[in-house]
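# Architecture and fold: a report
Listed below are the residues making up each chain.
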Amino acid sequence: MKVQLLFEKHLNRRRKKKSFFLLGLLFLLGKTVVAQDTFYGYLKKNTLIMGNNRIERTFLWNNGNLITHTLTDKTNRYSWRNTSRTPDFQLNKELVEAEKASVDIVRVAQTTIHPAYLQIEVKFALRQLQVKRVYKVYNDCPAIACNTYLKGNVSILGKSEELNNADRKNIEFLEDMQIDQTASTLDKLNFKGQHWNVDCIEFFDATDWNNNLVVERNFLSYRKNHYRGNLLQVRENISKNGFFFLKEAPCSNVQLAYQGYDFMAEFGSFTVTGLGVSEKDITPDKWTPAYGCVIGVYGPEAVDKLVALRTYQKQIRRLLPQRDEMIMMNTWGDRSQDSKVNEAFCLRELERAAQLGITHFQIDDGWQTGKSPNSAVAKGSFKDIWSNPDYWTPDKSKYPRGLSPIIKRGKELGIDIALWFNPSIQDNFADWKKDAEAIIRLYKEYGICIFKIDGLSIPTKEAEMNLHRLFDYVLAETDNQVVFNLDATAGRRGGYHTFNRYGNIFLENRYTDWQNYYPYWTLRNLWQLSKYVPAEKLQIEFLNKWRNEEKYANDPFGPANYSFEYLFAITMAGQPLAWMEGTNLPQEALLLREQVEKYRGFQHDFHQGIILPVGDMPDGRSWTGFQSIREHQGYFIFFREYHPLQSYHVKTWLAPGTEIECVPLLGHGKAIKTIVDEKGTIEVFLPSMNDYVVYKYVIVQSQSQVEIK
């Protein structure tokens, strides 16, 4: 509390000039400051205040068990006042009186993983249970994150099973509207007003089984109801201003200790529920993390809520061009599994990858001495991996000289080598340290920086914590150079909103062998996810369209009906993945190199923007695409699927009246100079069906332009 008392001596100066206060505040903390820091946090008497130039949230101190007082959107000069006097965080009805409160405020310096941020750590006790709430405030970001940790003893956590409204009695009296609610809550807000429009977004991974990955539900907040999803976007219908809750947890259907829903809404009251822990997970000897929760604010335009969310998501892991950008080839997509993988095969594949302009070559399952259950040549297992201490060493029969010849030739061709890796799942990843050391050895011996992480199953909180330990340890020992491709294809895994600081997401397995690769399916999944998940953090596949052509017969949406260039273009908004054996490609496929090299010239700049879907949802017959929004400029990728019209007015995120110039970079479009019409559309021309164009656009003159930084 000493630091907070010192803060108050500077409050008058803050009223005169906030930046002077921030410098004084951080000086007292003994932290190096930079002029551009906009975040701040301090305790004034009984009020905790935190924020930056975009958002401010104030709390009643309440002995550390904070109660939101106000939430302010500084950009749009709008503020809500909380009407509830119950704590934002609640485990059950009995544990409400907090004691032994403290607060620690520290500036966390920028690393190669995250930008600088202000950390406000609030601790308090609820009887025998200790609670730690850690808030993160970034510069120029309209959102504040909160992570919760528990330690000690608790006999019961709040639970509330979802009740069917049809089983409730009819409402004749005021007391009939009251519902006993005992669910544990991560965060909540209670504002006045009856007019709230809400979107709840539910996500699905396990993409071997799911091909519909996003479900959007829109509703008017009325009496108390429960909703599933990771994202709740709320707009006040009178002011048109809004806020969002992002629950940083796996997809709803695989969350731990799940009670059937993630949010409750009742008129202007909104609650985030489901901690992801049970009573047995909480022990006196260590901090157990609950799921994270983020709150953000946004203005009245439709794009505002998406920009606010994405601005926060881009803080979690910095996108560095040499580390995080990639055009990867992985040969598993041609279904040879591990039957071909050896030194000679990899060297041949590297030559073909270089001819295509590939930047990374990933050797999937089969490079290692141990055999997995997915092996085509042996009946392997993931059980008790470390009974074989050589499991994660290169197979000597396949790689008699180790991986060195592969690494050497890759360097000569300008291609980095990546590997597949499956952590040992037994006993909740109890051998995580051995797994981490195996990865670190491969990094140190061969310089391998990218590892596809497969086979995960996260059935318990201990398993989740051990995976974090594994990833964190590897990053610490490799100076944050290792990137993890986190496979989302099967099992109980992290989904789209956890483990985000470790790398990117390997989204889906699709194969022409089983006719489950359709280009518009891939485009649709990326298009839908890109509204709520950074597209640049998703690995998106394109396949050898010449394989298994006969299995698609006369299917008009079969991959053979598209150019190889078009299949590659579908992946550009994400991280492209050549899911194929390069040596199986015909000679004509090598013409793709020209487009790949041009794409590499603007790949990182494109990904630096806020990438959102434009046009209509892909269905094989639409006009669709993506927009990368940057300040005063950006990019478009437009696709004309099997649509009869050569020109189409495509809906964009540009404001009506904006004058733009579009210069084609790839594809078959012509230069455009136009003014965005009253519906936010621009006319795009593509001469052929199943064709595309990439534009770089510049805003010549803006009308009520959305500012993106």
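Residues numbered from 1 in each chain as written. Predicted model: local features only at pLDDT ≥ 70, side-chain atom pairs only at ≥ 80, totals over all residues. Heavy atoms only, no water.

The strand order around the closed barrel built from eight strands is 20-21-22-23-24-25-26-27, with neighbouring strands paired in parallel fashion. When the angles between neighbouring strand axes are averaged without regard to direction, this sheet yields 30°. Alignment of strand 22 (residues 416–421) against strand 23 (residues 450–453), held across four bridges, turns out to be parallel. Note that in strand 23 the partner of L419 across the bridge is F451. (Pairing = 2+ DSSP bridges. Helix = DSSP H or I, 4+ residues; strand = E, 2+ residues; numbered from the N terminus. Axes fitted to C-alpha atoms, helices over the stretch in contact; angles between N-to-C directions.)

On to helix 7 (residues 404–413). Every buried residue belonging to helix 7 is among P405, I406, I407 and G410, and all of these are buried. Packing partners of the buried residues in helix 7 comprise helix 6 (343–356), strand 21 (360–363), strand 22 and helix 9 (432–446). (Buried < 20%, exposed > 50% of the residue type's maximum accessible area, 1.4 Å probe, protein only. Contact = heavy atoms within 4.5 Å.)

Ranked by internal contacts, the top residues of the largest apolar core, which has 155 residues, are F203, I363, F451 and F484. Here the element with the most residues in this core is helix 9; it accounts for eight residues. Among residues more than four places away in sequence, those in contact with F451 are Q362, L419, F421, I439, L442, V482, V483, F484 and N485. (Core = buried A, V, L, I, M, F, W, Y, C linked by side-chain atoms within 4.5 Å.)

By the definition in use, this model includes 48 aromatic pairs. For the pair W546 and F564, a centre-to-centre distance of 5.1 Å together with 55° between the ring planes defines the contact as tilted. With a gap of 18 residues between them, W546 in the loop between strand 26 (538–542) and helix 12 (564–570) and F564 in helix 12 connect regions that are remote in the sequence. W546 gets classed as partly exposed once you look at its relative accessible area, which sits at 23%. By relative accessible area, which is 6% here, F564 ends up buried. Grouped by ring-pair contacts, the aromatic residues F542, W546, F564, F568, Y599, F602, F606 and Y635 constitute a single cluster. Stacked on the ring of Y511, the Lys or Arg R335 has its end atom at 4.6 Å from the ring centre. (Phe/Tyr/Trp six-rings, centres within 6.5 Å; stacked < 30°, edge-to-face > 60°. Lys NZ or Arg CZ within 6 Å of the ring centre and 35° of its normal.)

Next up on the list: the sheet that holds strand 32 (residues 659–667). Spatially, the six strands line up as an open sheet ordered 28-29-30-35-32-33, and their pairing is antiparallel. Each of the sheet's edge strands pairs with one partner strand only, and the pair in question is strand 28 (610–615) and strand 33 (672–675). Geometrically, the sheet is characterised by an average inter-axis angle of 25° between neighbouring strands, direction not taken into account. Of the pairings in the sheet, the one linking strand 28 to strand 29 (residues 623–630) comprises six bridges and is antiparallel in character. The partner of L612 across the bridge, within strand 29, is Q627. Relative to the sheet, helix 4 (residues 302–316) contacts strand 28 and strand 29, its axis offset from that of strand 28 by approximately 145°. Running over the sheet, helix 11 (residues 519–529) touches strand 28, strand 29 and strand 30 (633–640) and is turned about 40° from strand 29.

The contact between helix 6 and helix 13 (residues 592–608) brings their axes to 7 Å, and the two run at 70°. Of the possible angle classes, the one that applies to helix 6 and helix 13 is roughly perpendicular. Here helix 6 contributes A354, Q355 and L356 to the contact with helix 13, which in turn contributes L592, R593 and V596. By residue class, the composition of the contact of helix 6 with helix 13 is four nonpolar, one polar and one charged. (Parallel < 35°, antiparallel > 145°, perpendicular 65-115°, else oblique. Nonpolar A, V, L, I, M, F, W, Y, C, P; charged D, E, K, R; others polar.)

Turning next to the state of the cysteines. If you walk through the whole model with that rule in mind, you get zero disulfides. Unpaired in this structure, C146 has its nearest cysteine sulfur neighbour in C293, at a distance of 7.2 Å. (Disulfide = S-S within 2.5 Å.)

Where helix 6 contacts helix 7, the two axes come as close as 10 Å, and the packing angle between them is 10°. Viewed along their axes, helix 6 and helix 7 adopt a mutual orientation that is roughly parallel. Note on element contacts: helix 7 touches helix 6 through P405, I406, R409, G410 and L413, opposite E343, C346, L347, L350, E351 and A354. Among the residues forming the contact of helix 6 with helix 7, the class breakdown is seven nonpolar, one polar and three charged.

A large share of strand 8 (residues 129–138) lies buried, amounting to eight of its 10 residues. Bridge count for strand 7 (residues 117–126) against strand 8 is 10 bridges, and the pairing is antiparallel. Note that in strand 8 the partner of K123 across the bridge is K132. In textbook terms, the turn of a hairpin is the stretch between consecutive antiparallel strands, and for strand 7 and strand 8 this stretch comprises two residues, one of which, R127, has a positive phi near 60°. Both strand 8 and strand 9 (residues 143–152) contribute to a ladder of nine bridges, which runs antiparallel. Across the sheet, R133 pairs through a bridge with T148, a residue of strand 9. What sits between strand 8 and strand 9 in their antiparallel hairpin is a turn of four residues, with D140 showing a positive phi close to 55°.

Our next topic: the domain arrangement of the protein. Segmentation of the protein into domains returns domain 1 (40–161 + 179–316) and domain 2 (328–607). Look at where the C-alpha atoms of domain 1 and domain 2 centre, and you get two points 34 Å apart. Taken residue by residue, the interface counts 43 residues in domain 1 and 39 residues in domain 2. Taken together, the two surfaces of domain 1 and domain 2 that pack against each other cover about 3300 Å², and 53% of this comes from carbon and sulfur. Applying the counting criterion to the domain 1 and domain 2 interface returns two salt bridges. Its salt-bridge partner being E536, residue K314 comes within 2.8 Å of it at the nearest N-O pair. (Domains from an automatic or database assignment. Buried area = accessible area lost by both parts, 1.4 Å probe. Salt bridge = Lys/Arg side-chain N within 4 Å of Asp/Glu carboxyl O.)

Further remarks concern the side chain of T68. If you trace the backbone, T68 turns up in strand 4 (residues 67–73). When its relative accessible area of 0% is taken as the criterion, T68 is described as buried. Leave out the neighbours within four places in its chain, and T68 touches R57, T58, F59, N82, D88, K188 and L189.

Before going further, it helps to spend a moment on the environment of L350. Looking at the element boundaries, L350 is found in helix 6. Residue L350 is classed as buried on the basis of its relative accessible area, which comes to 0%. As a C-alpha pair, L350 and D416 span 66 residues in sequence and 9.9 Å in three-dimensional space. Discounting chain neighbours no more than four positions away, the residues touching L350 are F361, I406, R409, G410, L413, I415 and I417.

With respect to the element layout, D88 can be found in the loop between strand 5 (78–81) and strand 6 (99–108). Of the residues examined, D88 reaches a relative accessible area of 1% and is grouped as buried. Engagement of the side chain of D88 in a polar contact is seen with the side chain of T68, the distance being 2.7 Å. Each residue touching D88, except ones within four places of it in the same chain, is listed here: R57, F59, L66, I67, T68, R133, T185, L186, D187 and K188. (Polar contact = N/O pair within 3.5 Å; in protein donor to acceptor, adjacent residues only side chain to side chain.)

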